[in-house]
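Notes for the structure review
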Amino acid sequence: MSSHSTPARRAEELREEIRRHEHLYYVLDSPELTDGEFDALVNELKAIEREHPELVTEDSPTQRVGGTPREGFVKVDHSSQMLSLDNVYNLGELRDWARRAAELAGSAEIEYECEFKLDGLSMALHYEPVEHAPSGNAALPAAGARFARGITRGDGQIGEDVTANLRTIKSIPLTVSAAALKAAKLTAPFEVRGEVLMPTKSFQGMNEQREEQGLARFANPRNAAAGAVRVLEPNVTAQRRLDFYSYFLLQNGAPARDTQWNALETLSAAGFKVNPNRRVVGTIDEVWQFIEETEARRDSLPYEIDGVVIKVNATELWRRLGFTGKAPRWATAYKFAARAATTLVEDILIQVGRTGKLTPVAALRPVPIGGTTVSRATLHNYDEIERLSVRVGDWVLVERGGDVIPKVVRVANDAAHQPVEPRPFHMPTVCPECGGHVVRAEGEVNHYCVNAACPAKLRESLQHFASRRVMNIEGMGEALVDQLLSRGLVKDVAGIYSLKFEDLVELERMGKKSAENVLAEIEASKKLPLERVIFGLGIRMVGERTAEFLAEHFGSMDALMAASEEELIAVNEVGPRIARSIREFFAEEKNLDLIARLQRAGLTFTGIKKERGTQFAGLTFVLTGTLPTYSRDEAKQKIEDAGGKVVGSVSKKTSFVVAGEEAGSKLDKATQLGVKVIDEAELLRMLREGM
Ligand code: IVH
């Protein structure tokens, strides 16, 4: 804190700074600070607010998660009805819709505004004016607008007040500064409507974690988002990593701008997140082109969309066009075909995972779904099989959604799809891999093989340990792991570190060169940080994120091993069940022995502090497209290890854009701004030889 700055002034400065960086990070996806630098600002503010509780404002960035769990949600009226959309499914229906709209509008030349149809939940956010802070009282927010209330769609007339939960979504501004309002030519009060969604990655991570914890999975990101918005503890919403895209701006319940396009521009200028994938066009042929382009990109988007929304751009026409039932005539939704198909369950197989969990998997008659051929679908557990009432020989509807693995939605037998010699499935009582006992603990949905020496567990643990997200030992895939096991070369994960050149070079499909490579990869894995080692141990219920929190909290393997259940529960996202599972793991003699051998092998057992180089100090990189050898995470890691920073989007401040195959708009932007573009080879050269 500078000497002439009072705590009140410094707190307000920090709040503004933090808001600006939150906007850069969560709305514009182009951070200027590293996570560490950002955390430092937040920590400084928290420290001031702890010392001076009277300085805490309701809209302080530290107050996103606030208040106590509530009993229920209060019902609130919407300012004007929250409509839904009619759907069209082909070009003909789209033309029909456009013709009717043109007739009613009394104009042949209508502009259409096309947007993604985000697969989430619509919400209404109300912003209210705040007055100027009386001078000297910096505890009050400066003039501008503040997020006063957030309401679910409900039945369109009445929704539920979920303000406390929505406040935890970082892309929803808690305040809009006077300057931002001015820039956007906007005055409070106003209302923003848009979609809350869960990015696919968060969804997958959450489901993985739930699976590890023996909880039921969410069927799709939309349901997961709905659940998160309606939980009674904002704390839980905050952990779900939701996002919010704005698509309507209202004042007094009516459109606030002459065109939809201008409304979105206004929202963006005021600091709201608006999906950049939008276009104004003058003909239905051009709308169709947008639809085709969008559908082609569907699989590569970081969130789920289920179609394209087409809106008449001139809001003046909206009133004239009116609505039928609950849907406006001035907008329609082109819905993509569901990525689902009906096929036959030819068998139900059991997979044994590294924790010993038995997962039933449907072996399907191969069927193309949205560009890929699907022949397996997970059934998760026996409860799910009972819920679906699915048998071997049944026809089922299989869907590819936000999940990595396709899933069986329901049984789909009908006149044209008669079951083929159906037979009910029963969980095996012994492990199909080792003959060990299979148990299902009380209150758990999962069945487990209890044999600690089950080869399937060992195989899966080794594969897990060597995988990219854990110890990243390239070349140690299924084929190599199977050979190592069948020749008795490794008996547990620590055995990997005793492998010798002579052991490897003997194996099938393994020349001198690849043996050397694998050994180099094994050696390199020793440098990976503590959280990877913790994740690699395969402790039940300890996924990637939990491992990170544990490493951060305890700072060493020894401290983690010594931690009591109470101490473990103090860690972010660790509850009593996970704490118990960790204690049980470290109580096992065999595991302690394994850990001791990993330590002797030289794996990272302390600190999460990374040794950072300096050759890229002060440089900012943007990655785009697919690099020939490194994944994005690996390239990022390398740059950061060399002291550089990786950000999400290109600006004049960017030092280098690293471009790979199918680099997109970031490459164009770099060319526009004259930012130097390099390829992976050049990046590696710079890392090796300096600039
Ligand atoms: S406009 C007329 N724009 O789709 C009011 N809705 O099927 C309709 N949705 O309830 C809202 N993306 O939850 C609009 N870009 C978008 C949208 C969108 C997704 C959802 C929204 C709505 C539902 C209607």
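As a reminder, the structure under discussion sits directly above these lines.
This section reports on the structure supplied with the text. Since we're looking at a predicted model, the values are computed, not measured.

**What about the overall build of the chain?**
- When helices and strands are counted, the chain shows 25 helices and 26 strands.
- For the chain, the C-alpha radius of gyration of 28 Å lies close to 26 Å, the compact-globule estimate for 691 residues.
- When its C-alpha atoms are laid out on the principal axes, the chain stretches across 80 × 80 × 55 Å.
- Here the chain holds 691 residues, and the buried ones make up 49% of them.
- Expressed as a percentage of contacts within the chain between residues at least 6 apart in sequence, the contacts between residues at least 24 apart total 67%.

**A short note on the site of the ligand**
- If you check the shell around the ligand, you find 14 residues, and the closest are E115, F116, L118, E195 and K311.
- When the ligand is considered free in solution it has 520 Å² of accessible area, and contact with the protein chains removes 90% of it.
- Elements supplying a minimum of two residues to the shell around the ligand: β3 (112-118), β9 (243-251) and β12 (305-312).
- The leading source of residues in the shell around the ligand is β3, at four residues.
- Tallied by class, residues from the shell around the ligand come to nine nonpolar, one polar and four charged.

**Section: a negative patch on the surface**
- Taken together, the side chains of D35, D39, E548 and E552 define an acidic patch exposed on the protein surface.
- Only α2 (35-51) and α18 (544-554) provide two or more residues apiece to the negative patch.
- Within the element layout of this structure, E548 appears in helix α18.
- What makes E548 partly exposed here is its relative accessible area of 36%.

**Side note on the packing of aromatic side chains**
- Considering all chains together, one arrives at 18 aromatic pairs under this definition.
- Between Y127 and F272 the ring centres are 5.1 Å apart and the planes differ by 90 degrees, which places this aromatic pair in the edge-to-face class. In this pair, Y127 is assigned in strand β4 (residues 121-130) and F272 in the loop between α9 (260-269) and β11 (278-281), connecting sequence segments 145 residues apart.
- When its relative accessible area of 1% is taken as the criterion, F272 is described as buried.
- A ring pair is formed by W318 and W330, whose centres lie 3.9 Å apart and whose planes are at 5 degrees; its orientation type is stacked.

**Remarks on the packing of helix α3 (residues 91-105) against helix α10 (residues 284-297)**
- For the pair α3 and α10, the least separation of the axes is 11 Å and the interaxial angle reads 135 degrees. Between α3 and α10, the angle is such that the two are oblique. Crossing of α3 against α10: the hand is right-handed. Contact residues: L91, L94, R95 and A98 in α3; I284, D285, V287, W288 and I291 in α10.

**A word on the sheet that holds strand β23 (residues 620-624)**
- Read across the open sheet, the four strands follow the order β24-β23-β25-β26; overall the sheet is parallel. Since the sheet does not close on itself, it has two edges, and those belong to β24 (645-647) and β26 (676-678), each with one partner. Ignoring strand direction, the axes of neighbouring strands in this sheet form an average angle of 35 degrees.
- Direction of pairing for β23 relative to β24: parallel, over a ladder of three bridges. Note that in β24 the partner of F621 across the bridge is V646.
- Contacts from helix α24 (residues 665-673) reach β23, β25 (656-659) and β26, with the element oriented near 140 degrees to β23.
- Helix α25 (residues 680-689) rests against β23, β25 and β26 of the sheet, and its axis sits at about 95 degrees to β26.

**Comments concerning α25**
- Residues of α25 that are buried: E680, L683, M686 and L687. Mapping the buried residues of α25 onto a view down its axis gives an arc of 120 degrees, with all of them on the same face. Away from its buried face, by an angle of more than 90 degrees, α25 presents the exposed residues R688 and E689.
- Where α25 is buried, its residues meet β23, α23 (632-641), β25 and β26.

**With respect to the nonpolar core**
- Y127, L166 and F190 are the most contacted members of the largest nonpolar core, which totals 73 residues.
- Discounting residues that sit within four places of it in the chain, F190 has contacts with L125, H126, Y127, A145, V176, L181, L249, L250, Q251 and F272.
- Within the second largest apolar cluster, 53 residues are counted, among which are I534, L550, V574 and A579.

**Section: the packing of helix α21 (residues 576-587) against helix α22 (residues 589-601)**
- Between α21 and α22, whose axes approach to 5 Å, the crossing angle comes to 80 degrees. If you check the angle between α21 and α22, you find them roughly perpendicular. The residues of α22 that touch α21, namely those facing F585, F586 and A587, are E589, N591, L592 and I595.

**Details of helix α7 (residues 221-229)**
- Taken residue by residue, α7 has P221, A224, A225, A228 and V229 as its buried positions. Each buried residue of α7 sits inside an arc of 130 degrees when the element is viewed along its axis, so together they form one side.
- Among the structural elements, β4, β5 (144-152), α4 (163-166), β8 (190-197), α6 (200-212) and α8 (234-239) are those in contact with the buried residues of α7.

**Brief notes about the environment of S498**
- Mapped onto the fold, S498 is located in the loop between α14 (478-486) and α15 (501-505).
- The spatial distance from the C-alpha of S498 to the C-alpha of S486 is 16 Å, given a sequence separation of twelve residues.

Cut-offs used in this document
- Residues numbered from 1 in each chain as written.
- Predicted model: local features only at pLDDT ≥ 70, side-chain atom pairs only at ≥ 80, totals over all residues.
- Heavy atoms only, no water.
- Helix = DSSP H or I, 4+ residues; strand = E, 2+ residues; numbered from the N terminus.
- Rg over C-alpha atoms; globule rule 2.2 N^0.38 Å.
- Buried < 20%, exposed > 50% of the residue type's maximum accessible area, 1.4 Å probe, protein only.
- Contact = heavy atoms within 4.5 Å.
- Near = heavy atom within 4 Å.
- Areas by Shrake-Rupley, 256 points an atom, 1.4 Å probe, with all protein chains shown as cover.
- Nonpolar A, V, L, I, M, F, W, Y, C, P; charged D, E, K, R; others polar.
- Patch = residues over 30% accessible without salt bridge, like charges linked within 9 Å, V, L, I, M, F, W, Y side chains within 5 Å.
- Salt bridge = Lys/Arg side-chain N within 4 Å of Asp/Glu carboxyl O.
- Lys, Arg positive; Asp, Glu negative; His and termini not counted.
- Charge placed at Lys NZ, Arg CZ, Asp CG, Glu CD.
- Phe/Tyr/Trp six-rings, centres within 6.5 Å; stacked < 30°, edge-to-face > 60°.
- Axes fitted to C-alpha atoms, helices over the stretch in contact; angles between N-to-C directions.
- Parallel < 35°, antiparallel > 145°, perpendicular 65-115°, else oblique.
- Left-handed = near helix turned anticlockwise from the far one by under 90°.
- Pairing = 2+ DSSP bridges.
- Arc of directions from axis to C-beta.
- Core = buried A, V, L, I, M, F, W, Y, C linked by side-chain atoms within 4.5 Å.

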